[in-house]
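Summary of structural features
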Amino acid sequence: VESSIPEHMREAWRKYSPSGFTTKDQFETEIVRHIETTLARSLFNCDELAAYSGTALAFRDRLIMDWNKTQQRQTFADQKRIYYLSLEFLMGRALDNAMLNVGLKNVAKEGLADLGFRIEDVINQEHDAALGNGGLGRLAACFLDSMASLNYPAWGYGLRYRYGIFKQEIENGYQVEIPDYWLDFNPWEFARHDVTVDVQFYGWVNKYTDDEGKQIVSWQDGEIVTAVAYDVPVPGYGTPTVNNLRLWSSKASSGEFDFSKFNSGEYESAVADQQRAETISAVLYPNDNLERGKELRLKQQYFWCAASLFDIVRRFKKTNRKWSEFPDQVAIQLNDTHPTLAVVELQRILVDKEGLEWQTAWDIVTKTFSYTNHTVLPEALEKWSVPLIQNLLPRHLQIIYEINLSFLQTVERRFPKDRELLGRVSLIEESQPKTVRMAYLAIVGSHKVNGVAELHSDLIKTTIFKDFVRIYGPDKFINVTNGITPRRWLHQANPRLSELIASKLGSYEFLKDLTLLNKLEPFVDDKEFKKEWAEIKYANKVRLAQHILKTTGVSVNPKALFDVQVKRIHEYKRQQLNVFGVIHRYLAIKSLSSEERKKLAPRVTIFGGKAAPGYWMAKTIIHLINKVGEVINNDPDVGDLLKVIFLEDYNVSKAEIIIPASDISEHISTAGTEASGTSNMKFVLNGGLIIGTLDGANIEITREIGEQNVFLFGNLSEDVEDLRHNHFYGDYQVDPELQKVFDLIKSGKFGDEGSFGALIGAITEHGDYYLVSDDFNSYTKTQDLIDETFKNQDEWVTKCITSVARMGFFTSDRCINEYADTIWNIEPLDVAEEKQVRART
Ligand code: 6GP
């Protein structure tokens, strides 16, 4: 490398290269230095935010050194890397995670105490990095943690949004969205102003034959926007590996506004150009499981794919290998179809820029890419309008048509005379306007396609991708059941439980090998252990109760059963079923005498989650929950027997408080609609039980922990189609108990009869697509069973412990190893030597 220091001068570098703090005194030295010099503050004006900043900077220094070494090690090792392309990374807070992964949280705790701070208060100063909507984005974050913890040479590539997912406030029971400007002080990113890529948009395609008779295709003119790299270190747990997450930020290609315009007095248009460029990475689209086909979104996708591909190809070219070796060095995972243009972009680079033959290039492309599908919901499947692509990416549209042509020719040869098949699998849908089916393009451009839980992977093979299974054979389509990182979701979120487990198992090794949890099972009869277990759950509930009181003003009894449903608000996730169930319970309480009421089990039903700003039904569900809460929480007949809470602004850091405090959590989607779900795993791992439908990963969780430990209810996915049909054509009637709930809502008891009427109408008049009425009876009966079971606390705790002991399968480490073995064909890097060096120093 041109810019490296000559060999004879490297000794000085090595001698002075910092080694980072390990002791409390060193930590204090570092934090005070950072507060006084980096932040220019002093002990006379050091608030908690300054203490957070100083702590973060001290830990960052440590991470950077490991990060640099990791990057060097991976370059020297020169082995295959995995690039995880995701438009969303829902990282949450970084400091606590960094402290735990580096293994110096206690040092920091004591050091901060010496300096006058409580570590919890310092951690709470951090703004969540919320560059994602929900499951898909959080999965990407868990994967980064596992890839680093397992020492895989892995990079994440995403966008550096200036605004993450909006902050949610509840005003008069309605959701209000507040912009999430999160970059004021972000010590976890490094601007690489020297790592830039120019990305082209619009323009036109010039095809001609050069002097040597060669066909040249050149994409000309248009607009250039510059991508600037921002790198975020991703520390592994208990390993020197620190991987890189590279996020691209957009700016005008000159870096400034146009001076000629500026000097000639056209200030506004000069600034407008600059702002248009910056708009590309300005804001995360706030839709979960929904695609809206907006041009700016397509621009985001191409901008990010083009910059990432350029970067990956640049890195490969430094190794001076033949192009045929590209797939031996590079694996690229498409996190849903959002990065599918990367397939087209790589083909463009290889053919137009590097001069490879079409078929040679295409073989390289398909060996490189693989695609994960995260949903079967039709409204979430991306389809881009052909005229839109034509205008924004004229060359890419040509390549898509060429890919389609050669694909359809292959299909025709294999299945002659099946014209309908050709129409069904064409990458182009003959709609008005025509659209490109991105999932089909992703399948054709990949060597493996996976779903995220067994049922989901079966469903995509038998429904939306059925024809492609016929064409490619079944081996291209596989299942990789999702997982979660036990570092954040057990050790960080629930430190006391983690400690209790470690005390029984003899070490924290289970955080690296979660199957070791099975050694807990013999302790289900250990009285003392069970007592401590229950105490920890209670303490977590007290903490959540305090949070509820502080944020909603409602006081809840931590001895009550805490029933939690936190996730994005969506009709398919059926928060409406839950709130109708709550009203049903309210009616039941009201119908009892005060003597009878004493026998009931007190319950707190807790909701949390954001609705997409344009999703009116979801917003109406939030409104109903809040209004129901107002009535029930203030009804003296009810008292502690039932409280209904809506927690504002559900996000990763709030999940870390809520999940460990749950007794029962709800995963109640219409069967066949939730691809996997991942919070179901988090709740069970934290000693909570679940009520759920036979959907997504609930099925596998049940298989692992045993049917007696799960509260299952509702219709099966295979019956959904018939039931829906019956709503229109059979002798269909709404469940009578549910009808009573509707009557109460319609009476105006909770206000706003008009919009709540639409929620009811979706069920009574518009076919009840999500089967709320069909599942209502089974749901409420199962809730009654939960009440009964909870009364026997000893039995309840047994179920919880047994379940935790059997959750080993659901670590994202297992999941990442499966991807590595069956899709990416990559090996972890050996870090034993590095660990020894570290142990000596
Ligand atoms: C989600 C699925 O809805 C969820 O079931 C799954 O656990 C998660 O992905 C991770 O696999 N899908 C999305 O968030 C999404 O937007 C396009 O899919």
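Attention in this report is confined to the structure presented alongside it. (Residues numbered from 1 in each chain as written. Predicted model: local features only at pLDDT ≥ 70, side-chain atom pairs only at ≥ 80, totals over all residues. Heavy atoms only, no water.)

**Focus on the sheet that holds strand 19 (residues 561-566)**
Reading across the sheet, the 6 strands line up as 21-20-19-22-23-24 and stay open at both edges, with parallel pairing between neighbours. Either end of the sheet is taken by a strand with one partner, and the two such strands are strand 21 (642-647) and strand 24 (711-712). Pairing geometry for strand 22 (residues 664-667) and strand 23 (residues 689-692), over 4 bridges, is parallel. Note on strand 23: the bridge partner recorded for H667 is G692. (Pairing = 2+ DSSP bridges. Helix = DSSP H or I, 4+ residues; strand = E, 2+ residues; numbered from the N terminus.)

**Details of the nonpolar core**
Ranked by size, the top nonpolar core spans 227 residues in total, and within it M147, F201, W248, W533, F580 and W824 carry the most contacts. A per-element tally of this core places helix 10 (residues 295-317) first, with 11 residues. Here this core spans two domains, since at least three of its residues come from each of domain 1 (290-481) and domain 2 (486-717 + 774-810). Ranked by size, the runner-up nonpolar core spans 27 residues in total, among them A56, A58, F59 and I64. (Core = buried A, V, L, I, M, F, W, Y, C linked by side-chain atoms within 4.5 Å. Buried < 20%, exposed > 50% of the residue type's maximum accessible area, 1.4 Å probe, protein only. Domains from an automatic or database assignment.)

**Brief notes about the pairing of strand 4 (residues 154-159)**
Most of strand 4 sits inside the fold, with 6 of its 6 residues counted as buried. The alternating pattern of strand 4 places A154, G156 and G158 and W155, Y157 and L159 on opposite faces, both of which are buried. Direction of pairing for strand 1 (residues 81-85) relative to strand 4: parallel, over a ladder of 4 bridges. Directly across from I82, in strand 4, lies its bridge partner A154. Sheet topology note: the strand 4/strand 11 (residues 242-252) ladder contains 5 bridges and is parallel. Opposite Y157, over in strand 11, you have R246 as the bridge partner.

**With respect to the packing of helix 25 (residues 616-633) against helix 31 (residues 753-764)**
Taken N-terminus to C-terminus, the directions of helix 25 and helix 31 make an angle of 115 degrees; their axes are 9 Å apart at the nearest point. Comparing the axis directions of helix 25 and helix 31 gives the class roughly perpendicular. Both helix 25 and helix 31 take part in a crossing whose hand is left-handed. Here W616, M617, T620, I621, H623, L624 and K627 of helix 25 come into contact with helix 31, specifically with S755, F756, A758, L759 and A762. Grouping the amino acids of the contact of helix 25 with helix 31 by side-chain chemistry returns 8 nonpolar, 3 polar and 1 charged. (Axes fitted to C-alpha atoms, helices over the stretch in contact; angles between N-to-C directions. Parallel < 35°, antiparallel > 145°, perpendicular 65-115°, else oblique. Left-handed = near helix turned anticlockwise from the far one by under 90°. Contact = heavy atoms within 4.5 Å. Nonpolar A, V, L, I, M, F, W, Y, C, P; charged D, E, K, R; others polar.)

**Points about the site of the ligand**
Taken together, the neighbourhood of the ligand is formed by 15 residues, with H374, N482, E674, S676 and G677 sitting nearest. Between an oxygen atom of the ligand and a side-chain N or O atom of H374, the distance comes to 2.6 Å. Contacts to the ligand include Y572, whose side-chain N or O atom sits 3.2 Å from an oxygen atom. Per-domain counts for the shell around the ligand show at least three residues from each of domain 1 (290-481) and domain 2 (486-717 + 774-810). (Near = heavy atom within 4 Å. Polar contact = N/O pair within 3.5 Å; in protein donor to acceptor, adjacent residues only side chain to side chain.)

**Re the side chain of D695**
Among the secondary structure elements, D695 is positioned in the loop between strand 23 and helix 28 (698-705). Despite being buried, D695 has no salt bridge partner; R574 is the closest side chain of opposite charge, sitting 7.6 Å away. From its side chain, D695 meets the backbone nitrogen of T673 in a polar contact 3.3 Å long. Ignoring sequence-local partners within four residues, the contact set of D695 consists of L455, S669, T670, A671, G672, T673 and E674. (Lys, Arg positive; Asp, Glu negative; His and termini not counted. Salt bridge = Lys/Arg side-chain N within 4 Å of Asp/Glu carboxyl O.)

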